[in-house]
Amino acid sequence: MTHLVEARELVKDFPGVRAVDGLSFEVRRGQCFGLLGPNGAGKTTTLEMLEGISRPTAGEVLYQGRPLDRAFREEIGIQFQSTALQDFQTVCESLRMFASLYRRTTDLDELIALCNLSEILDRDTRKLSGGQRQRLLLAIALVNDPLLLFLDEPTTGLDPQSRRNFWGLIEAVRRRGKTVVLTTHYMEEAQRLCDEVVIVDRGRIIARGRPQELVQAHFPAVVVRLPADAWPSGAPPPPASDLRDGYIELFTEEVPPVLEHLKRVGANLNELKVETPNLEDLFLKLTGHGLRS
Amino acid sequence: MWRRVLAILRARNREFYRDKAGLGWNIIMPFLMVFGFAFIFRAEPDDLFKVAVLTGRGELSAEASPFLATRHVTFVSLSEPESAIRKVERHQVDLLLDLRAGAKYWVNVHSAKGYLAERLLRAAYAGAAPLPARQTVSGEALRYVDWVLPGVLAMNIMFSSLWGVGWVIVRYRKNGVLRRLQATPLSAFEFLSAQVLSRLAVVLSASVIVYLGADLFLDFVMRGSYLALFLVYVAGALCLISMGLIVAARLRTEELADGVLNLLAWPMLLLSGVWFSMDGTSPAAQVISEIFPLTHMVNAARRVMIDGSGLSEILPELALLAGMGLLLLVTAARLFRWD
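Cut-off values and rules
- Residues numbered from 1 in each chain as written.
- Chains lettered and ligands numbered in written order.
- Predicted model: local features only at pLDDT ≥ 70, side-chain atom pairs only at ≥ 80, totals over all residues.
- Heavy atoms only, no water.
- Helix = DSSP H or I, 4+ residues; strand = E, 2+ residues; numbered from the N terminus.
- Buried < 20%, exposed > 50% of the residue type's maximum accessible area, 1.4 Å probe, protein only.
- Areas by Shrake-Rupley, 256 points an atom, 1.4 Å probe, with all protein chains shown as cover.
- Patch = residues over 30% accessible without salt bridge, like charges linked within 9 Å, V, L, I, M, F, W, Y side chains within 5 Å.
- Salt bridge = Lys/Arg side-chain N within 4 Å of Asp/Glu carboxyl O.
- Contact = heavy atoms within 4.5 Å.
- Buried area = accessible area lost by both parts, 1.4 Å probe.
- Pairing = 2+ DSSP bridges.
- Axes fitted to C-alpha atoms, helices over the stretch in contact; angles between N-to-C directions.
- pLDDT = per-residue confidence, 0-100.
- Core = buried A, V, L, I, M, F, W, Y, C linked by side-chain atoms within 4.5 Å.

A. How the structure looks around the overall build of chain A. Helix and strand counts for chain A stand at 10 helices and 14 strands. Principal-axis analysis of the C-alpha atoms gives chain A an extent of 70 × 45 × 35 Å. Counting across all 293 residues of chain A, residues that qualify as buried make up 54%. Carbon and sulfur atoms form 47% of the exposed surface of chain A, whose accessible area is close to 13300 Å².

Have a look at this one:
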């Protein structure tokens, strides 16, 4: 069996809202699977159903081909988006407490080294920085040596440096053969970590596939971005372009003819950028609204 | 299972004893109460005398006895002769009048107010009816501190039990601790057991400290068995902790939990006879007070400490408390939600 987790026609209703509206997908063993979408798209709700924390209104979740049971809890690790730990505990005590809740545990010393916790072992968990806290929460999620790891927006609120460190950590975890399911609204994160993503908006899947292939399938090779005020007034509007965040965007297979054209109309090229389209562009194209709206 | 219960129990205990402010409060508050109430607040009734009356039918009218028409005397109807006589011995009532067949009255030869009340009784009967037969008892007055201490200990247990689990679990639910624990193999039953055991240990240790402290600074009576007293407080604490768990089973905000806990605690405090005796209060208040576990805990503790009752004599109250506790605990476990 190659599918570790299978979601079939998941639906979740809250009073007055359908938060998740018929999602189906499969997560392969050893894969890093990403659920992408803006806030309120239904990512966390979907993840909670996969984790067995909340029951779907309709549809089902299968783990190794079977419905979720109590044994499932022994085999998964979860890092929630926001979690408080019990007060007045040190990092070490928190780890040990969670370790005693499981039948099987990983080697704690190794885990502490992996998550880089050795220097803060005796610190009160309330006095940790954002990055330290996320590392501890990841260590707790890994304490039972899970087959399957759920990460709900693991780097939201971290500074860029801590975020990059955390990505390195998740890559190290993946090298140990863990299957990872994560949600994020950072496209960069998804592109770096995920083998496969589904893009969710308003409770429905609007695209799925490998991040690179998804982008290539929807866009020409590159995008040329030019500040809107660099376009000479009076010149005819640029062909096949979009206006976004004060930038004119020209998607194209080849850059030189575009540059030729820009020079001809007398555009100011000082702030011109040539980029590869990313998931963010894709999301905008598919939904017509921004990711963080 | 026990490994998981223990893990949660240890974490909760650490959380409790490292919270120095909370810990100090748990110990200091009952002392303040005992001292305050024992020395400052000595309740004097408005009426000059308090007379207990034993009647067949329980109603007090001047036809039953000319004495009952006397003003500025509180007449209290009682039904159990034995405990009524004990109240005369301890100066809790000044006189006991038995109006059933073969009318009698009891007076304590050591009581000054008893002497005066007897003169009033004789005057009321003079020429009107044959005087009831005189019976005497003796005994020193029961001091307020002796009477109030078992109740103060029980009250402290009540506050610590209700808030100790109620407040904490609601906070855990609100800040996501419960959700995190739900994602582990820990079951609700294991989690609740750990909370009950942790709080029980805290409540009982605090009570032992308060008892020893009171013993050091105050002179009070303890006539019964320590084991019986301990079991009364254990059973009572279990009841009240379970009550706290019921409140905490679903609520999501501490403010609401606080309100509900207050709503439970204050009627119990006022109607369980902790500060003043329920004798002579309205029948409705007495019926309500029977519902509260605190009432039974206070009564049983008084019977051990003041009357010197042993384990066998308070067994009915212990069984009642244990039964209530079990019922409340099962209800709490059924109502409990992680989120």
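B. Layout of a nonpolar patch on the surface. All names here are of chain B. Residues Leu 227, Phe 230, Leu 231, Leu 311 and Leu 315 make up a contiguous nonpolar surface patch of about 410 Å² in total accessible area. Ranked by residue count, the leading element in the nonpolar patch is helix H8 (residues 226–248), at 3 residues. By secondary structure assignment, the location of Leu 315 is in helix H12 (residues 315–335). Judged by relative accessible area, which is 46%, Leu 315 ranks as partly exposed.

C. Seen up close, the interface of chain B and chain A. Contacts between the two partners involve 24 residues from chain B, matched on the other side by 25 residues from chain A. Summed over both partners, the interface of chain B with chain A buries about 2500 Å², with 52% contributed by carbon and sulfur atoms. Remark: the boundary between chain B and chain A carries 3 salt bridges. A salt bridge links A:Asp87 to B:Arg171, with the shortest nitrogen-to-oxygen separation between them at 3.3 Å.

D. Representation of the sheet that holds strand S4 (residues 104–108) of chain B in the model. All names here are of chain B. The strand order S2-S1-S3-S4-S5 describes an open sheet built from 5 strands, whose pairing is mixed. Strand pairing shows two members of the sheet lacking a second neighbour, strand S2 (73–78) and strand S5 (133–137), which therefore form its edges. With strand direction ignored, the average angle separating the axes of adjacent strands in the sheet is 25°. Examined bridge by bridge, strand S1 (residues 49–54) and strand S3 (residues 95–98) share 4 bridges and lie parallel to one another. Residue Val 51 lies in a different strand from S3, and its bridge partner there is Leu 95. Relative to S4, helix H3 (residues 81–89) is tilted by about 35°, and along the sheet it contacts S1, S2, S3, S4 and S5.

E. Spotlight on the confidence of the model for chain A. Of the residues in chain A, 96% have a pLDDT of 70 or more, and the chain-wide mean is 86. At the low end of the mean pLDDT range in chain A sits strand S12 (residues 241–244) of chain A, at 71; at the high end sits strand S7 (residues 148–152) of chain A, at 94.

F. Looking closely at the nonpolar core. All names here are of chain B. Core analysis: the largest hydrophobic core is formed by 133 residues, its most contacted members being Leu 181 and Phe 191. With 19 residues, the single largest contributor to this core is helix H5 (residues 144–175). Apart from the residues lying within four places of it in its own chain, the contact partners of Phe 191 are Ile 8, Ile 169, Tyr 172, Leu 178, Leu 181, Leu 186, Phe 336 and Trp 338.

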